[in-house]
Amino acid sequence: MNRPIYVTRPYLPPLEELIPSLQQIWDNKVLTNGGPFHQQLETALCSYLGVTHVSLFTNATIALVTALQALRVTGEVITTPYSFVATSHSLLWNGIRPVFVDIDPDTLNLNPDLIESAITPHTTAIMPVHCYGHPCDTGAIQRIADNYNLKVIYDAAHAFGVEDDEGSILRHGDLSILSFHATKVFNTFEGGAIVCPDARSKTRIDQLKNFGYVDEVTVVAPGINGKMSEFNAALGLHQLNYVGRAIEERRVIDRAYRERLHRIRGIRCLDTTGERVPNYSYFPILVEADYPVSRDDLYSGLKALNIHPRRYFYPLISNFPMYKSLSSAHPNNLPVANSAAQKVLCLPIFPGLEMSVLEEITDFIATR
Ligand code: T4K
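Quantities reported herein were computed from a predicted structural model and do not represent experimental measurements.

S.K.: Describe the nonpolar core, and please don't skip the residues or the numbers.
M.R.: Judged by nonpolar contacts, the single largest core of 56 residues is most densely connected at Leu 45, Leu 261, Ile 285, Leu 347 and Ile 365. Sort the elements by how many residues they give to this core and helix α8 (residues 243-261) lands first, with 6 residues. Both domains that furnish three or more residues to this core are identified here as domain 1 (15-240) and domain 2 (243-366). Every residue in contact with Ile 365, bar those within four places of it in the chain, is listed here: Leu 261, Ile 264, Ile 267, Ile 285, Tyr 291, Leu 298 and Leu 347. Membership of the second largest hydrophobic core comes to 25 residues, among which are Val 85, Val 129, Phe 313 and Ile 317.

Set out below in structure tokens:
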């Protein structure tokens, strides 16, 4: 396989399949603002994901910002430091103070047992992340939210297609946000969506992503421009035909990694027991203290072979300059997250990754 080997590569449908859709866009000259491909992709995603309402966005970051605005979230929001920085940036963009709570050592998701003690009179919502597509403890989080009258917005950027025993995990909470970035299981180059439970919420979200316009002369809120273009939507419709196959290829890779890594002392793979239908979006390993070399030595060793794993999520969000002065960002408050950020390495996983390369990676890990 051609080097370099990246942590992920986007899956793309055959180019010739796209041409008729592009021709249609060229013919009808509707390029954006809720055109026919946009409508079709929303409908197709509802059916694929088993949800009732989807509002497409230009990316997940703008969708997160809009979701908070849609629910009129203010004050303080409890969230995880162990995520991509977009999660808490969406709070700052709304003038909301993030309150970081530590993660569970097994799932690396927000630890529900620690949420209650972080609630103050200013808390209005919880923003957990289904990290690597592994479901949060949605039942425990909802019980706390109900007790304290808090909203729950799930950052489900990694969780396309993931199901628990009762269906899509996107049904949990008040809103869930998906990312369709090039690096995700399902991509529209750039893109994202808000999954919402009812038509009323979708109408408000659709207005907020279109500058707050209700009609030609009425603007009800300082909305943003978060609309997905017709090109991205058309691409998404074609991708949807292949995503099942792409996830199956990921499953085979996930299984091969687990089989080859589970006997190596000091290497821990995360469980996927929380989901009935996983999506294998990432393959994180934790390099523990009894492994012969440090995580960073392993990382550099693989890079020297032109193989590029990633340390998602290092540095921790709470250690970035715009967050580290928050009292909840102190490392003493977040021991599990700080430790995970020092140990994690996400190995390459994507459709088309050759078994010989996977074996080279696992052999290298086994022989340090
Ligand atoms: N919430 C969570 C929990 C997230 O993880 C993210 C994004 C968001 C919210 C926000 O979603 P968006 O607003 O992006 O929709 C990447 C992605 O840019 C980002 O979307 C993703 N999470 C994050 C975890 O990873 P980088 O800076 O690591 O990406 P980059 O460019 O280094 O790409 C990683 C590898 O992927 C490259 O080494 C090669 C490969 N690649 C990448 C691109 C862009 C390709 O092969 N082709 C490509 O076009 O952030």
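What follows continues from the structure just given.
S.K.: Hey, could you go over the packing of aromatic side chains for me, with residue numbers and the actual values?
M.R.: Within a pair of aromatic rings, the relevant descriptors are the distance that separates the centres and the angle that separates the planes. Tallied over the entire structure, the rule returns 15 aromatic pairs. With centroids separated by 6.1 Å and ring planes inclined at 80°, the aromatic side chains of Phe 160 and Phe 180 adopt a geometry described as edge-to-face. Linking Phe 160 in the loop between β6 (151-155) and β7 (163-164) with Phe 180 in the loop between β9 (175-179) and β10 (192-196), this pair joins segments that are 20 residues apart in sequence. Across this residue pair, the class does not change: Phe 160 and Phe 180 are buried. Considering the side-chain rings of Tyr 312 and Phe 313, the 5.6 Å spacing of their centres and the 40° angle between planes classify their relative orientation as tilted.

S.K.: Any chance you could break down the domain arrangement of the protein chain for me, citing the residues and the numbers?
M.R.: With domains assigned, the protein chain is organised as domain 1 (15-240) and domain 2 (243-366). Between the C-alpha centres of domain 1 and domain 2 the distance comes to 24 Å. The interface is formed by 40 residues belonging to domain 1 together with 39 residues belonging to domain 2. Looking only at domain 1, the three residues that lose the most surface to domain 2 are Phe 100, Tyr 132 and Val 185, adding up to 22% of its buried area. Here domain 1 and domain 2 share 1 salt bridge between them. Note that Glu 163 and Arg 276 form a salt bridge whose closest N and O atoms lie 2.6 Å from each other. Counting the contacts that link domain 1 with domain 2 gives 18 residue pairs in polar contact (both at pLDDT 80 or more). Only α4 (86-93), β4 (97-100), β7 and α7 (230-240) provide two or more residues apiece to the side of domain 1 that touches domain 2.

About the criteria used
Residues numbered from 1 in each chain as written. Predicted model: local features only at pLDDT ≥ 70, side-chain atom pairs only at ≥ 80, totals over all residues. Heavy atoms only, no water. Core = buried A, V, L, I, M, F, W, Y, C linked by side-chain atoms within 4.5 Å. Buried < 20%, exposed > 50% of the residue type's maximum accessible area, 1.4 Å probe, protein only. Helix = DSSP H or I, 4+ residues; strand = E, 2+ residues; numbered from the N terminus. Domains from an automatic or database assignment. Contact = heavy atoms within 4.5 Å. Phe/Tyr/Trp six-rings, centres within 6.5 Å; stacked < 30°, edge-to-face > 60°. Buried area = accessible area lost by both parts, 1.4 Å probe. Salt bridge = Lys/Arg side-chain N within 4 Å of Asp/Glu carboxyl O. Polar contact = N/O pair within 3.5 Å; in protein donor to acceptor, adjacent residues only side chain to side chain.

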